[in-house]
Amino acid sequence: MSLRILVGCKRAIDYAVKIQVKSDLSGVVTEGVKHALNPFDEIAMEEAVRLKEKKLANEVIAVSCGPAQSQDVLRTALALGADKAFHVEVPAKEYETLQPIHVSKILAKLAEQEKVDLIILGKQAIDDDCNQTGQMTAAVLNWPQATFASKLQLKDKEATCEREIDGGLETISIKLPAVVTADLRLNTPRYATLPNIMKAKKKPLKKFSPKDLGVDITPRQEIVKVCEPPKRQGGGKVASTEELVERIKKLGVN
């Protein structure tokens, strides 16, 4: 079985960075802040590369939408094992209002153009936590989908996915072509080795614009305000059970 796999690679603020809200409450500070490949997308890339190593896929394509700096995460994806990369360049100002519906249409266009058999995305990005792109991409393409996959197996143009749900584990089978979104437990991503980082510089990276793909990225919604959650109040001590009960009563808790 020789599949072509498309993997979404979002450039997000590094998980170790303390997020700061802009003074005008229009968003979070991104300038001068360390960015990296979204961790869930890194898991998606690792799964695609493993499928290729098992001879179940013959090509892995990395895609990222965003400003020029997005090429950094694409080079990371190429170093991890992707064969080629597509950068859909969106100017920084327009990128601030880029929404999952826009990204899903871009991914769908590229999937049709490249005749891919499987799209693997991270289940969500750690910056906006939308958890929408995978589902929307499947809807645009009218493909089956398996979200929050913690285990993925391919056989005879069919994918079997194990996914975590509130009640335990659920196993579903879907026909290819399909969209799969990666959960945290799907795998542990490898580190990019220095030789592979050097090889990645020579791998093909093609640039597009949303207009090239016929996608309108006019924002569908407006962010009114972004603010930090209220700071938690410090705890207190009580001298006895009676005092604890009295305080609970004052709070109106039954």
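In this text, all values refer to a predicted model and were calculated from it rather than measured experimentally.

1. So, the layout of surface pockets
Okay, so step 1: When its volume is computed, the second largest pocket comes out at roughly 480 Å³.
Okay, so step 2: Sorting the residues of the lining of the second largest pocket by element identifies strand 2 (11-13), strand 3 (35-37), helix 1 (39-53) and helix 2 (71-80) as the ones contributing at least two each.
Okay, so step 3: With four residues, the top contributor of residues to the lining of the second largest pocket is helix 2.
Okay, so step 4: The class makeup of the residues in the lining of the second largest pocket is 12 nonpolar, three polar and five charged.

2. Let's talk about helix 4 (residues 100-114)
Okay, so step 1: A rise of 1.5 Å per residue sets the reference length of helix 4, with its 15 residues, at 21 Å; its end C-alpha atoms lie 21 Å apart and thus fit the reference within 8%.
Okay, so step 2: Looking at helix 4, one finds that the buried residues are Pro-100, His-102, Val-103, Ser-104, Ile-106, Leu-107, Ala-108, Leu-110, Ala-111 and Glu-114.
Okay, so step 3: If you follow the buried residues of helix 4, they end up packed against strand 1 (3-8), strand 4 (57-66), strand 5 (84-89), strand 6 (118-122), helix 5 (133-141) and strand 11 (205-208).
Okay, so step 4: Lys-115 sits one or two positions beyond helix 4 and adopts a positive phi of about 55°.

3. Observations regarding the nonpolar core
Okay, so step 1: Core analysis: the largest hydrophobic core is formed by 40 residues, its most contacted members being Met-45, Leu-51, Leu-152 and Leu-154.
Okay, so step 2: Among the elements of the structure, strand 1, helix 1, strand 4, helix 2, strand 6, strand 7 (145-155), strand 8 (158-165) and strand 10 (178-182) are those that each provide at least two residues to this core.
Okay, so step 3: Considering every element that reaches this core, the biggest residue donor is helix 1, with seven residues.
Okay, so step 4: Ignoring sequence-local partners within four residues, the contact set of Leu-152 consists of Glu-47, Leu-51, Ile-120, Ala-159, Thr-160, Cys-161, Val-180 and Leu-186.

4. Topic: the side chain of Asn-187
Okay, so step 1: Mapped onto the secondary structure, Asn-187 falls in the loop between strand 10 and helix 6 (194-200).
Okay, so step 2: Note on Asn-187: relative accessible area 8%, which makes it buried.
Okay, so step 3: Setting aside residues up to four positions removed in sequence, Asn-187 forms contacts with Ile-43, Glu-46, Glu-47 and Arg-50.

5. Things to note about the environment of Gly-214
Okay, so step 1: Structurally, the position occupied by Gly-214 is in the loop between strand 11 and helix 7 (241-250).
Okay, so step 2: On a C-alpha basis, the gap between Gly-214 and Lys-109 in space is 8.3 Å, while along the polypeptide they are 105 residues apart.

6. A short note on a nonpolar patch on the surface
Okay, so step 1: A grouping of Val-238, Leu-244, Ile-248, Leu-251 and Val-253 is seen on the molecular surface, where their side chains present a nonpolar patch of about 430 Å² in accessible area.
Okay, so step 2: Here Val-253 is to be found in the segment after helix 7.

7. Structural notes on the pattern of salt bridges
Pairs can form between side chains of opposite charge once their charged atoms are near each other.
Okay, so step 1: One pass over the structure, following the stated rule, counts 19 salt bridges.
Okay, so step 2: A single network of salt bridges, built from pairs that share partners, joins Arg-4, Glu-59, Lys-84 and Glu-114.

8. So, the sheet that holds strand 4
Okay, so step 1: Read across the sheet, nine strands follow the order 9-8-7-10-6-1-4-5-11 without closing on themselves; strand pairing throughout is mixed. Two strands lie at the open edges of the sheet, namely strand 9 (168-175) and strand 11, each paired on one side alone. Direction aside, the axes of adjacent strands within the sheet are offset by 30° on average.
Okay, so step 2: With three bridges joining them, strand 7 and strand 10 adopt parallel strand pairing. Residue pairing in the sheet places Ala-146 in a bridge with Val-180 of strand 10.
Okay, so step 3: Of the strands in this sheet, strand 1, strand 4, strand 6, strand 7 and strand 10 are in contact with helix 1, which crosses strand 6 at around 145°.
Okay, so step 4: Helix 5 rests against strand 6, strand 7 and strand 10 of the sheet, and its axis sits at about 155° to strand 6.

9. Topic: the side chain of Thr-181
Okay, so step 1: Note that Thr-181 resides in strand 10.
Okay, so step 2: Within the local environment of Thr-181, its side chain forms a polar contact with the backbone nitrogen of Phe-148, the two atoms lying 2.9 Å apart.
Okay, so step 3: When near neighbours in sequence (up to four residues on either side) are disregarded, Thr-181 contacts Leu-121, Gly-122, Lys-123, Gly-134, Ala-146, Thr-147, Phe-148 and Ala-149.

10. Some points on the packing of helix 4 against helix 5
Okay, so step 1: Their axes nearest at 8 Å, the elements helix 4 and helix 5 cross at an angle of 50°. Here helix 5 runs oblique to helix 4, going by the angle between their axes. Two packed elements cross with a definite hand, and for helix 4 against helix 5 that hand is right-handed. Contacts between helix 4 and helix 5 involve Pro-100, Ile-101, Val-103, Ser-104, Lys-105, Leu-107, Ala-108, Ala-111 and Glu-112 on the former and, on the latter, Thr-133, Met-136, Thr-137, Val-140 and Leu-141.
Okay, so step 2: Partitioning the contact of helix 4 with helix 5 into residue classes produces nine nonpolar, three polar and two charged.

Criteria and thresholds
Residues numbered from 1 in each chain as written. Predicted model: local features only at pLDDT ≥ 70, side-chain atom pairs only at ≥ 80, totals over all residues. Heavy atoms only, no water. 1 Å grid on protein atoms, 1.4 Å probe; cavity = no way out; pocket = protein on both sides within 12 Å on 5 of 7 lines; lining within 4 Å. Points joined across faces, edges and corners; volume = space filled by probe spheres on them. Helix = DSSP H or I, 4+ residues; strand = E, 2+ residues; numbered from the N terminus. Nonpolar A, V, L, I, M, F, W, Y, C, P; charged D, E, K, R; others polar. Expected span 1.5 Å × (residues − 1). Buried < 20%, exposed > 50% of the residue type's maximum accessible area, 1.4 Å probe, protein only. Contact = heavy atoms within 4.5 Å. Core = buried A, V, L, I, M, F, W, Y, C linked by side-chain atoms within 4.5 Å. Patch = residues over 30% accessible without salt bridge, like charges linked within 9 Å, V, L, I, M, F, W, Y side chains within 5 Å. Areas by Shrake-Rupley, 256 points an atom, 1.4 Å probe, with all protein chains shown as cover. Salt bridge = Lys/Arg side-chain N within 4 Å of Asp/Glu carboxyl O. Pairing = 2+ DSSP bridges. Axes fitted to C-alpha atoms, helices over the stretch in contact; angles between N-to-C directions. Polar contact = N/O pair within 3.5 Å; in protein donor to acceptor, adjacent residues only side chain to side chain. Parallel < 35°, antiparallel > 145°, perpendicular 65-115°, else oblique. Left-handed = near helix turned anticlockwise from the far one by under 90°.

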